[in-house]
Amino acid sequence: KAPETYDRHFTEASDIFSLGMVLYELATRSIPFKGQLLHQLVATVKYENKRPDLNLVSNETMKHLIYWCWSKDPLCRPTCEQLLEFIATMIHKSI
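Definitions and limits used
Residues numbered from 1 in each chain as written. Predicted model: local features only at pLDDT ≥ 70, side-chain atom pairs only at ≥ 80, totals over all residues. Heavy atoms only, no water. Patch = residues over 30% accessible without salt bridge, like charges linked within 9 Å, V, L, I, M, F, W, Y side chains within 5 Å. Areas by Shrake-Rupley, 256 points an atom, 1.4 Å probe, with all protein chains shown as cover. Salt bridge = Lys/Arg side-chain N within 4 Å of Asp/Glu carboxyl O. Lys, Arg positive; Asp, Glu negative; His and termini not counted. Charge placed at Lys NZ, Arg CZ, Asp CG, Glu CD. Helix = DSSP H or I, 4+ residues; strand = E, 2+ residues; numbered from the N terminus. Buried < 20%, exposed > 50% of the residue type's maximum accessible area, 1.4 Å probe, protein only. Core = buried A, V, L, I, M, F, W, Y, C linked by side-chain atoms within 4.5 Å. Contact = heavy atoms within 4.5 Å.

**Considering a negative patch on the surface**
Negative charge collects at one region of the surface, where E12, D15, E81 and E85 lie side by side. For the negative patch, the elements supplying multiple residues, two or more each, are helix 1 (12–28) and helix 4 (80–94). Relative to the helices and strands, E81 resides in helix 4. With a relative accessible area of 51%, E81 lands in the exposed category.

**A few points about the nonpolar core**
With 17 residues, the main nonpolar core has L65, I66 and W70 as its most contacted residues. Looking at this core element by element, the count peaks at five residues for helix 1. Setting aside chain neighbours within four positions, we find W70 in contact with F17, G20, M21, Y24, R51, P52, L54 and R77.

**Examining the pattern of salt bridges**
For the coordinates displayed, the defined rule picks out two salt bridges. Across the pair K63 and E60 runs a salt bridge, and its minimum N-O distance is 3.2 Å. Here K63 pairs with E60, and both are found in helix 3 (residues 60–69), just three residues apart, close to one helical turn. Residue class for K63 comes out buried when judged on its relative accessible area of 17%.

Here it is as C-alpha cells:
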C-alpha cells in the first residue's frame, strides 16, 4: 500500500506505488516486508519511509522504474501515461 492510503487517500499515484510493489515482487520473486503486521507495515512505509531492498532487483532499468514508483511525494511518481512510455521504451530497447 502507498503511504497515503493508510489515511484512506486513494489516487492514481497510490496505484502507481502499489504497482511498484508488484513489479518488485515479480523482479525478486519475494514478498516485500514479509511477516510484518499491519501496524508494523504502516510504521515502516509511512513514518520511516522505508522500502524493500532494491539491490535484490538485478535489472537496472527495472530498478529505476520501481524506485520512481515508490517516490515519497505522490506528485513525483510517474503518471500512467509516463509509465506506459517508459515501458514502451524498455521494450523497444530490448528488441
